[in-house]
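# Inside the fold
Each chain is listed here by its residues.
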Amino acid sequence: ELKASPTVAPRGTVIESRLEQGRGVTATVLVRMGTLKPGQAFICGNYYGKVKNLLNDQGKTIKQAGPSTPVQVLGFAGLPNAGDEFVVMESEKAAKALSDERLATLRAEKLAVPKGGRTTLENLFASIAADARKALRIIVKADMQGSLEALVASLNDIESKKVDLDIIHSAVGPISESDVLLAS
């Protein structure tokens, strides 16, 4: 007896996302309520966008997607994570403002000073010297966000007494020159 109204503002959940050459960022979204149409502005996770095109499961363009319809959405500004909520907003300006706010908060969290106070170069070298175990540093690239998350989670679950695993960078898309420079 599950029911969803096709007339309310569309909402959905990202199943997987990927970076496709020629199309940009695309995500498979399962519409939970409302009717999704091209041209609607949205926010999904930390990123905003405007629906450029909707593709069904056979890769054909469709004009709208109702409740419980999986659809591939084109038009994201960035790569959302699997499980992020997809919400249609009134205007692209409001979606962009919310996205900028979320990204600024995320940036501030990453740049926050650690609990022990400031990190100095001396503290960094001391912590490296104290950690005598060898570390295997890797860069993980995948074709889809869901696959990437599964790989990173599986690699982090591997326990070793001799070597620590350090994932330097993980991203979706082809291997680029900056990835090679980071690896070297």
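Preceding this section is the structure that the text describes.
Residues numbered from 1 in each chain as written. Predicted model: local features only at pLDDT ≥ 70, side-chain atom pairs only at ≥ 80, totals over all residues. Heavy atoms only, no water.

The next point concerns the overall build of the chain. Scanning the chain for helices and strands turns up four helices and eight strands. Helices and strands appear in the chain in the N-to-C order β-β-β-β-β-β-α-α-β-α-β-α. Taking all contacts inside the chain whose residues are at least 6 apart in sequence as the whole, residues at least 24 apart take part in 70%. Entry remark: accessible area of the chain is about 12,200 Å², with carbon and sulfur atoms responsible for 55%. (Helix = DSSP H or I, 4+ residues; strand = E, 2+ residues; numbered from the N terminus. Contact = heavy atoms within 4.5 Å. Areas by Shrake-Rupley, 256 points an atom, 1.4 Å probe, with all protein chains shown as cover.)

On to the pattern of salt bridges. Pairs can form between side chains of opposite charge whenever their charged atoms are close. If you walk through the whole model with that rule in mind, you get seven salt bridges. In this structure, the salt-bridge partner of glutamate 85 is arginine 32, at a minimum N-O distance of 3.1 Å. On the criterion of sequence distance, the pair formed by glutamate 85 in strand β6 (residues 85-88) and arginine 32 in strand β2 (residues 24-33) is long-range, its members being 53 residues apart. Its relative accessible area of 35% is what places glutamate 85 among the partly exposed residues. We note a salt bridge from aspartate 100 to lysine 96, for which the minimum N-O separation is 3.2 Å. Within this pair, aspartate 100 and its partner lysine 96 are both found in helix α1 (residues 92-110), separated by four residues, close to a single helical turn. Note on aspartate 100: relative accessible area 37%, which makes it partly exposed. (Salt bridge = Lys/Arg side-chain N within 4 Å of Asp/Glu carboxyl O. Buried < 20%, exposed > 50% of the residue type's maximum accessible area, 1.4 Å probe, protein only.)

This next bit is on helix α3 (residues 145-157). An ideal rise of 1.5 Å per residue puts 18 Å on 13 residues; α3 measures up with 18 Å between its terminal C-alpha atoms. Every buried residue of α3 is accounted for by Gln145, Leu148 and Val152. The buried residues of α3 occupy one face: seen down the axis, they fall within an arc of 60°. (Expected span 1.5 Å × (residues − 1). Arc of directions from axis to C-beta.)

Counting 17 residues, the largest nonpolar core has Leu36, Val71, Val73, Phe76 and Phe86 as the members making the most contacts within it. For this core, the element with the most residues is β2, which contributes four residues. Ignoring sequence-local partners within four residues, the contact set of leucine 36 consists of Pro10, Val31, Val51, Leu54, Lys63, Gln64, Ala65, Val71, Val73, Phe86 and Val88. Counting six residues, the second largest nonpolar core, distinct from the first, contains Val140, Ala142, Leu148 and Val172. (Core = buried A, V, L, I, M, F, W, Y, C linked by side-chain atoms within 4.5 Å.)

So, on to the packing of aromatic side chains. Two numbers describe a pair of aromatic rings. These are the distance of the centres and the angle of the planes. Enumeration according to the criterion identifies three aromatic pairs in this entry. On the basis of an interplanar angle of 65° and a centroid distance of 4.8 Å, the ring pair of phenylalanine 42 and phenylalanine 76 is categorised as edge-to-face. Placement of the pair is phenylalanine 42 in strand β3 (residues 41-44) and phenylalanine 76 in strand β5 (residues 70-76), with a sequence separation of 34 residues. The class of phenylalanine 42 is buried, set by a relative accessible area of 0%. Ring-pair connections join several aromatic residues into one group, and the members of that group are Phe42, Phe76 and Phe86. (Phe/Tyr/Trp six-rings, centres within 6.5 Å; stacked < 30°, edge-to-face > 60°.)

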